[in-house]
Amino acid sequence: RWLQQHECVEKLNMHAILSASTGQEQLLTELLVTYAKIPVLIGELISVEIWKHKVFPVLCRLEDFKPRSTFPIYVVLHHEASIINLLETVFFYKEVCESAEDSILDLIDYCHRKLTLLTARSANEQTRLPPCSSWEMGPKIPRLFVPPQELQNQAETMEFEISLKALSVLRYITDQVESLPLSALTRMLNTHNLPCLLVELVEHCPWSCREAGKLKKFENGAWHVVPPEDQVKMTKLDGQVWLALLNLLLSPECQRKYHFDGFNKSQLLKLRAFLTDILIDQLPNLVEMQRFLSHLAVTEPAPPKKDLVLEQVPVIWDHILKKNSGKWEAIAKHQVKHIFSPTEEELQLQARRWAQTYSLDMMEALAPDKPRCRVCGAEAAKRCSRCRNEWYCAR
């Protein structure tokens, strides 16, 4: 049953991507809102996150676990990536954000955990650049067997891309600060101090690194060498961070609730070094940020008004942890026996269903780059009928 649910999420994710590419995603978002599926997706997202942290490491340590195929485990690891990708696509719309209701607090906590992980990774240069064979967010049909150590490596690489998707989701949430519950705003500004966390991302820029003297940036699911003339160009991820900062710092309601103490003030003033004329030319709204920081440097803002007596708290994460506390090893062993040790027949059936979900035509539609002719390198429209892998611009 869970695998069927995963297939539905995969199809929704692919449909959302294709609809967004043609500007027709409104129907999907209306259906998700009408049937109240956004809280369901958020609950599923956090459940898989907890599984990765609590159960997956136990599976990898079990000496007697020698599966015929690691395909079912890969599916679970991939599930979190599919959900966050779907949420990134639809959270652009205000009604989707509002339909999350109380679970928006759980999603804010989820994004905070991912961004904290992203910031921690950026402190270690060796973990900033995933290997060239890194897993990409786009769909793939995995091998039926992957060694547990390689599965762990794939999970770590997925974690990097999932964190980048969480950054985009958080930025869309900050777009709606005026319609968010008061508890959500308090959680972003004071509980998690997201403005200072975003300053850390501006400083360390985990999606940018230097390798062999060349600047590389992560964009569209892959690392690219940046030519010298484009090195000062703002990437989409850079833009998401700056837009989130604009939303959190310049909104009157946020300024009223945020505590501009000595530490927070010193952290925010670090942004002035990054607000160059070239950057402002690319995102003119940053002029307002520059003006705000100049004013902040010479004034002492009033302390926030503490007018919130009762505060909502996220419940999904804590509920799952309390319900399963001390049972993680037992859960892992149960899943090894009943889920992750399929028979040959079950495995073949699931592989066929996966192949149907990811048809070649669907995967080509999702690919960011058009196929190229193997001979001349031009855009190709004809595929080899024998191997089905190579492309040609003519017969």
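Residues numbered from 1 in each chain as written. Predicted model: local features only at pLDDT ≥ 70, side-chain atom pairs only at ≥ 80, totals over all residues. Heavy atoms only, no water.

A.B. asks: Explain the overall build of the chain here, please?
C.D. replies: Helices and strands together make up the secondary structure of the chain, namely 20 helices and five strands. Evaluated residue by residue, the chain yields a buried proportion of 49% over its 395 residues. Considering only intrachain contacts with a sequence separation of at least 6, the fraction spanning at least 24 residues in the chain is 76%. Of the accessible surface of the chain, which amounts to about 20,900 Å², a share of 54% is contributed by carbon and sulfur atoms. (Helix = DSSP H or I, 4+ residues; strand = E, 2+ residues; numbered from the N terminus. Buried < 20%, exposed > 50% of the residue type's maximum accessible area, 1.4 Å probe, protein only. Contact = heavy atoms within 4.5 Å. Areas by Shrake-Rupley, 256 points an atom, 1.4 Å probe, with all protein chains shown as cover.)

A.B. asks: Just to check I follow, could you spell out helix α1 (residues 2-21) for this structure?
C.D. replies: Since the α-helix turns once every 3.6 residues, residues separated by three or four places project in the same direction. Between the first and last C-alpha of α1 there are 29 Å, a value that for 20 residues agrees with the 28 Å anticipated at 1.5 Å per step. Residues of α1 that are buried: His6, Glu7, Val9, Glu10, Asn13, Met14, Ala16 and Ser19. Count one or two residues on from α1 and you reach Gly23, which has phi positive near 70 degrees. (Expected span 1.5 Å × (residues − 1).)

A.B. asks: Help me understand the pattern of salt bridges in this model?
C.D. replies: Should the charged atoms of two oppositely charged side chains come close, the side chains can pair. The final tally for this structure, using the stated rule, is 16 salt bridges. The salt bridge involving Glu253 is made with Arg256; its shortest N-O contact spans 3.0 Å. One end of the pair is Glu253 and the other is Arg256, both in helix α13 (residues 252-257) and three residues apart, which spans about a single turn. Of the residues examined, Arg256 reaches a relative accessible area of 31% and is grouped as partly exposed. Residue Arg291 pairs with Glu288 through a salt bridge whose shortest N-O separation is 2.8 Å. One end of the pair, Arg291, and the other, Glu288, are both in helix α16 (residues 286-298), three residues apart, so they sit about a helical turn from each other. (Salt bridge = Lys/Arg side-chain N within 4 Å of Asp/Glu carboxyl O.)

A.B. asks: Please clarify how the nonpolar core should be interpreted in this entry.
C.D. replies: The nonpolar side chains of soluble globular proteins are, as a tendency, buried together. If you look at the biggest cluster of nonpolar residues, it comprises 100 residues, and the most contacted ones within it are Phe91, Ile104 and Leu107. Element by element, the count of residues in this core is highest for helix α9 (residues 148-174), at twelve residues. If we ignore the near neighbours within four places in the chain, the residues touching Phe91 are Ile38, Val96, Cys97, Ala100, Ile104, Leu107, Tyr172 and Ile173. (Core = buried A, V, L, I, M, F, W, Y, C linked by side-chain atoms within 4.5 Å.)

A.B. asks: Teacher, can you tell me more about the confidence of the model for the chain here?
C.D. replies: Any segment with low pLDDT has predicted coordinates that should not be analysed in fine detail. Of all residues in the chain, 85% attain a pLDDT of 70 or more, and the chain-wide mean is 85. Throughout residues 126-144 the model reports pLDDT below 50, and contacts reaching past four residues in sequence, or to other chains, amount to 48 contacts. (pLDDT = per-residue confidence, 0-100.)

A.B. asks: Help me understand the packing of aromatic side chains, please; the structure alone is not making it clear to me.
C.D. replies: Remark: the centre distance and the inter-plane angle together describe each pair of aromatic rings, the angle taken between the planes. Inspection of every chain in the model, using the stated rule, returns nine aromatic pairs. When the centroid spacing of 5.5 Å and the interplanar angle of 90 degrees are considered together, the rings of Phe92 and Tyr93 count as edge-to-face. Assessed through its relative accessible area of 48%, Phe92 is described here as partly exposed. Tyr93 gets classed as buried once you look at its relative accessible area, which sits at 15%. Among the aromatic residues, ring-to-ring pairing joins Trp51, Phe56 and Phe340 into one connected group. The aromatic ring of Trp317 is capped on one face by Arg113, whose charged end is 4.0 Å from the ring centroid. (Phe/Tyr/Trp six-rings, centres within 6.5 Å; stacked < 30°, edge-to-face > 60°. Lys NZ or Arg CZ within 6 Å of the ring centre and 35° of its normal.)

A.B. asks: I tried to follow the pairing of strand β3 (residues 222-225) on my own but got confused; where do I start?
C.D. replies: Successive side chains on a regular strand alternate, one facing one side of the sheet and the next facing the other. Of the pairings in the sheet, the one linking strand β2 (residues 214-219) to β3 comprises four bridges and is antiparallel in character. Across the sheet, residue Lys217 finds its bridge partner in β3, namely His224. Between the end of β2 and the start of β3, which pair antiparallel, lie two residues, with Asn220 showing a positive phi angle near 55 degrees. (Pairing = 2+ DSSP bridges.)

A.B. asks: For this particular structure, what's the right way to read the side chain of Ser103?
C.D. replies: Mapped onto the elements, Ser103 comes out in the loop between α6 (94-99) and α7 (104-122). Residues in contact with Ser103, not counting those within four places in the same chain, are Pro39, Ile42 and Ile316.

A.B. asks: So what exactly am I meant to see when it comes to a nonpolar patch on the surface here?
C.D. replies: On the surface, a cluster of nonpolar side chains totalling about 340 Å² of accessible area is made up of Leu27, Leu31 and Tyr35. Here Tyr35 lies in the loop between α2 (26-34) and α3 (38-54). (Patch = residues over 30% accessible without salt bridge, like charges linked within 9 Å, V, L, I, M, F, W, Y side chains within 5 Å.)

A.B. asks: When you look at the pairing of β2 in this model, what are you seeing that I'm missing?
C.D. replies: Pairing of strand β1 (residues 208-211) with β2 involves four bridges; the strand directions are antiparallel. Bridging across to β2, Glu211 finds its partner in Lys214. Counting the residues that bridge the hairpin from β1 to β2 gives two residues, and of these Ala212 lies at a positive phi of roughly 55 degrees.

A.B. asks: Whenever I open this one, the packing of α1 against helix α5 (residues 71-90) confuses me. Can you help?
C.D. replies: The description of two helices packed together rests on the angle between their axes and the distance between the axes. Taken N-terminus to C-terminus, the directions of α1 and α5 make an angle of 35 degrees; their axes are 9 Å apart at the nearest point. α5 is crossed by α1, and the crossing has left-handed handedness. Packed against α1, whose contacting residues are Trp2, Leu3, His6, Val9, Glu10, Leu12, Asn13, Ala16, Ile17 and Ala20, the element α5 presents Val75, Val76, His78, His79, Ser82, Ile83, Asn85, Leu86 and Thr89 at the interface. A per-class count over the contact of α1 with α5 returns eleven nonpolar, seven polar and one charged. (Axes fitted to C-alpha atoms, helices over the stretch in contact; angles between N-to-C directions. Left-handed = near helix turned anticlockwise from the far one by under 90°. Nonpolar A, V, L, I, M, F, W, Y, C, P; charged D, E, K, R; others polar.)

A.B. asks: Would you mind going over the sheet that holds β3 with me for this structure?
C.D. replies: Neighbouring strands of a sheet are bound in pairs by backbone hydrogen bonds; such pairs are parallel or else antiparallel. Pairing is antiparallel across the open sheet formed by three strands, whose spatial order is β1-β2-β3. At either margin of the open sheet sits one strand with a lone partner, and together these are β1 and β3. Between one strand axis and the next, the sheet turns through 35 degrees on average, direction left out of account.

A.B. asks: Please clarify how the layout of surface pockets should be interpreted in this entry.
C.D. replies: Gaps left between atoms are located by rolling a probe of water-molecule size over the structure's atoms. Considered as a void within the structure, the second largest pocket measures approximately 970 Å³ in volume. Elements with a minimum of two residues in the lining of the second largest pocket: α1, α3, α5, α17 (316-324), α18 (328-338) and α19 (344-357). Per element, the largest residue contribution to the lining of the second largest pocket is six residues, and it comes from α18. Among the residues making up the lining of the second largest pocket, the classes are represented as 18 nonpolar, nine polar and seven charged. (1 Å grid on protein atoms, 1.4 Å probe; cavity = no way out; pocket = protein on both sides within 12 Å on 5 of 7 lines; lining within 4 Å. Points joined across faces, edges and corners; volume = space filled by probe spheres on them.)

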